[in-house]
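So the chains spell out like this:
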Amino acid sequence: MMKYNEALKDAGVLITLEGLHRRRWRAGLVCRSKPLVTDGPFIEAKEVIGGYWMIEVKSRDEAIEWAKKCPASSNEIIESARCRRMADFPADVQEAASGFAELQGKSTTR
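Residues numbered from 1 in each chain as written. Predicted model: local features only at pLDDT ≥ 70, side-chain atom pairs only at ≥ 80, totals over all residues. Heavy atoms only, no water.

(A) Representation of the overall build of the protein chain in the model. The secondary structure content of the protein chain amounts to 3 helices and 4 strands. Each helix and strand of the protein chain, placed in order from N terminus to C terminus, yields the pattern α-β-β-β-β-α-α. Residues counted as buried form 10% of the 110 residues belonging to the protein chain. Of the contacts formed within the protein chain by residues at least 6 apart in sequence, a portion of 54% connects residues at least 24 apart. (Helix = DSSP H or I, 4+ residues; strand = E, 2+ residues; numbered from the N terminus. Buried < 20%, exposed > 50% of the residue type's maximum accessible area, 1.4 Å probe, protein only. Contact = heavy atoms within 4.5 Å.)

(B) Representation of the confidence of the model for the protein chain within the structure. For the protein chain, the average pLDDT comes to 75, and 65% of its residues sit at 70 or higher. For the protein chain, per-element mean pLDDT is lowest for strand 2 (residues 23-26), which scores 52, and highest for helix 1 (residues 2-10), which scores 95. Contacts from residues 28-32, a stretch scored under 50 in pLDDT, to residues over four places away or in other chains number 3 contacts. (pLDDT = per-residue confidence, 0-100.)

(C) Here's a closer look at the nonpolar core. Tyr4, Leu8, Val13, Trp66 and Cys70 form the largest nonpolar core, which has 5 residues in total. Leu8 has contacts with Val13, Leu14, Trp53, Ile55 and Trp66, leaving out every residue within four places of it along the chain. (Core = buried A, V, L, I, M, F, W, Y, C linked by side-chain atoms within 4.5 Å.)

(D) Main features of the packing of aromatic side chains. One pass over the structure, following the stated rule, counts 2 aromatic pairs. A centroid spacing of 5.3 Å and a plane angle of 85° characterise the contact between Tyr4 and Trp53, whose relative ring orientation is edge-to-face. Of the two residues, Tyr4 sits in helix 1 while Trp53 sits in strand 4 (residues 48-55), which places them 49 residues apart along the sequence. Owing to a relative accessible area of 9%, Tyr4 belongs among the buried residues under this scheme. Aromatic side chains Tyr4 and Trp66 sit 6.4 Å apart centroid to centroid with 65° between the ring planes, which places their arrangement in the edge-to-face category. With Tyr4 in helix 1 and Trp66 in helix 2 (residues 60-69), this residue pair connects regions lying 62 residues apart in the sequence. Taken together, the aromatic side chains of Tyr4, Trp53 and Trp66 make up a single cluster linked through ring pairs. Above the ring of Trp66, the side-chain terminus of Lys69 is found at 4.5 Å from the ring centroid. Above the plane of the ring of Phe89 lies Arg84, whose end atom (NZ or CZ) is 4.2 Å from the centre. (Phe/Tyr/Trp six-rings, centres within 6.5 Å; stacked < 30°, edge-to-face > 60°. Lys NZ or Arg CZ within 6 Å of the ring centre and 35° of its normal.)

Encoded structure:
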């Protein structure tokens, strides 16, 4: 997996990657109630149940090619999702968010 991560980095497409620890919470129906926090979907919430790579590529096909190169085992699933950029939103949403440079990708950090 480290070689795969290095290949993404060396190709200049890797933005970030992380392993995920998953917990779910549900706010109470009444404002005064406390949120309910549960471990899940597995018994032990400390278990890493996934992770992600964020890559910037020119096309969906290129993203699929990178996913095919991942050395995942046969029981693992890789899902692909496109990140929405500010330009993908309607003009009224872009205008409403105009004061938030980091939401528009104008931040100096990724």
